[in-house]
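Listed here are the chains, written in short residue letters.
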Amino acid sequence: MPDTVILDVDGTLVDSNYHHAVAWYRAFRRHDVTVPLWHLHRAIGMGGDQLVAHVSSQEIEDAHGDDLRSEHSEEFDRLIDEVAPFAETEQLLRGLRDQGLRLVLATSGGSKHAEHFLDLIDGRTHADDVITSGDVEASKPAPDLVELALDRENSRDAVLIGDSVWDGQAGVRAGVPFLAVRTGGFSVDELVEAGAEFVAHDLAELLDHVRREVATPA
């Protein structure tokens, strides 16, 4: 049975994916580069260190990557007060703790936005640890965030909960089972292809699954 749950934040616990897509769109437009919003949305959940080249080109990354990441942060700051937790976020966090599981919040976002969201969901009350992209060399889909969570908790058995294909790829690379939720806007087929062992419609369904199939009774 697992001892630890590693939880993504953006798109999983807070409804922020589409705000991130708009922020990236506006950042690229500052450089007269137009990346379609649908394409940007498919990349949300991937860390900014990898997203720029993925949605545009290595040439744009080399020329503007650091500026784009800074500008995305500025644009997201203008939208952040519109971001809200999902209705079942607190229920999920409390329910996982009631199962005796340790919780690590692991986000590919920067520490500033992570702190805002932690306050929004009272994350430090529920979580044993918090890891952001600033703590690792490479963000999702690299496995670094997941592997650091395992090391910090000295976990022998963990599961990863996330909303994006990039979460799934990070989990697979780290050898950690991936449970997905559709709150980020990815399809069931996409999430299964990325390695999801279970795909939930919302966080309440996901918690029910964990209680039935993953965790030991409280």
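What you see is a predicted model, and the numbers here were worked out from it, not measured in a lab.

Draft legend 1. Examining the overall build of the protein more closely. Each helix and strand counted, the protein has eleven helices and six strands in total. Radius of gyration (C-alpha) of the protein: 16 Å, near the 17 Å computed for a compact globule of 218 residues. Burial status across the protein gives 56% buried among its 218 residues. Counting every atom, the protein has about 9,600 Å² of accessible surface; 45% of that belongs to carbon and sulfur.

Draft legend 2. Just the packing of aromatic side chains, in detail. Applying the stated rule across the entire model yields two aromatic pairs. Plain terms: the ring middles of Trp 24 and Phe 28 are 6.2 Å apart, the flat faces sit at 40° to each other, and that makes the pair tilted. Of this pair, Trp 24 and Phe 28 both sit in helix H1 (residues 17-29), four residues apart, which is roughly one turn of that helix. Considered together, Trp 24 and Phe 28 belong to a single accessibility category, that of buried residues. Ring plane angle 80° and centroid distance 6.2 Å describe the contact between Phe 76 and Phe 117, whose orientation is recorded as edge-to-face. You can see Phe 76 sitting in helix H4 (residues 58-79) and its partner Phe 117 sitting in helix H6 (residues 111-121), a full 41 residues away along the chain. A single burial state applies to Phe 76 and to Phe 117, both of which are buried.

Draft legend 3. Broad picture of the pairing of strand E1 (residues 4-7). Every second residue of E1 is oriented toward a common face, with Thr 4 and Ile 6 on one face and Val 5 and Leu 7 on the other, all of them buried. Sheet topology note: the E1/strand E2 (residues 102-106) ladder contains four bridges and is parallel. Residue pairing across strands places Thr 4 opposite Arg 102, the latter belonging to E2. Note: E1 against strand E4 (residues 158-162), four bridges, orientation parallel. Across the sheet, Val 5 pairs through a bridge with Val 159, a residue of E4.

Draft legend 4. Examining the nonpolar core more closely. In terms of nonpolar packing, the biggest core is built from 39 residues, with Ile 6, Trp 24 and Phe 28 touching the most fellow members. Broken down by element, the residue count for this core peaks at five residues, all from helix H8 (residues 144-153). When near neighbours in sequence (up to four residues on either side) are disregarded, Ile 6 contacts Val 104, Ala 106, Val 146, Ala 149, Leu 150, Ala 158, Val 159, Leu 160 and Ile 161. Core analysis: the second largest hydrophobic core is formed by 33 residues, Val 5, Leu 13, Leu 207 and Val 210 among them.

Draft legend 5. Quick look at helix H3 (residues 48-55). For H3, the set of buried residues is Gly 48, Leu 51, Val 52 and Val 55. In a view along the axis of H3, the buried residues occupy a sector of 95°, so they form one face of it.

Draft legend 6. Focus on the packing of helix H5 (residues 89-98) against helix H11 (residues 203-214). At a closest axis distance of 9 Å, the pairing of H5 and H11 adopts a crossing angle of 15°. As summarised for this structure, H5 and H11 are arranged roughly parallel, according to the angle between their axes. Note on packing geometry: the crossing formed by H5 with H11 is left-handed. Of the residues in H11, those touching H5 at Thr 89, Gln 91, Leu 92, Gly 95 and Leu 96 are Leu 203, Ala 204, Leu 207, Val 210 and Arg 211.

Draft legend 7. Structural detail: the pairing of strand E6 (residues 196-200). Within E6, four of the five residues are buried, which leaves it mostly tucked inside the rest of the structure. Summarising the sheet, strand E5 (residues 178-181) and E6 pair through four bridges and their orientation is parallel. Paired with Phe 178 across the strands is Ala 196, a residue of E6. In terms of handedness, the path from E5 via helix H10 (residues 188-193) over to E6 forms a crossover that is right-handed.

Draft legend 8. Inspection of the sheet that holds E2 at higher detail. Taken in spatial order, the six strands make up an open sheet running E3-E2-E1-E4-E5-E6, and their pairing is parallel. Whereas interior strands pair on both sides, the edge strands pair on one side only; in this sheet they are strand E3 (129-131) and E6. Going from strand to strand, the sheet's axes swing by 20° on average, the running direction of each strand aside. Two strands pair when backbone bridges link them, and E2 and E3 are joined in this way by three bridges, in the parallel orientation. Bridge pairing in E3 places Leu 105 opposite Val 130. The strands touched by H8 are E1, E2, E3 and E4; relative to E3, the strand with the most contacts, the crossing angle is about 155°.

Cut-off values and rules
- Residues numbered from 1 in each chain as written.
- Predicted model: local features only at pLDDT ≥ 70, side-chain atom pairs only at ≥ 80, totals over all residues.
- Heavy atoms only, no water.
- Helix = DSSP H or I, 4+ residues; strand = E, 2+ residues; numbered from the N terminus.
- Rg over C-alpha atoms; globule rule 2.2 N^0.38 Å.
- Buried < 20%, exposed > 50% of the residue type's maximum accessible area, 1.4 Å probe, protein only.
- Areas by Shrake-Rupley, 256 points an atom, 1.4 Å probe, with all protein chains shown as cover.
- Phe/Tyr/Trp six-rings, centres within 6.5 Å; stacked < 30°, edge-to-face > 60°.
- Pairing = 2+ DSSP bridges.
- Core = buried A, V, L, I, M, F, W, Y, C linked by side-chain atoms within 4.5 Å.
- Contact = heavy atoms within 4.5 Å.
- Arc of directions from axis to C-beta.
- Axes fitted to C-alpha atoms, helices over the stretch in contact; angles between N-to-C directions.
- Parallel < 35°, antiparallel > 145°, perpendicular 65-115°, else oblique.
- Left-handed = near helix turned anticlockwise from the far one by under 90°.
- Right-handed = clockwise from strand over helix to strand, strands pointing away.

Note that all results are geometric; they support no functional claim without further evidence.
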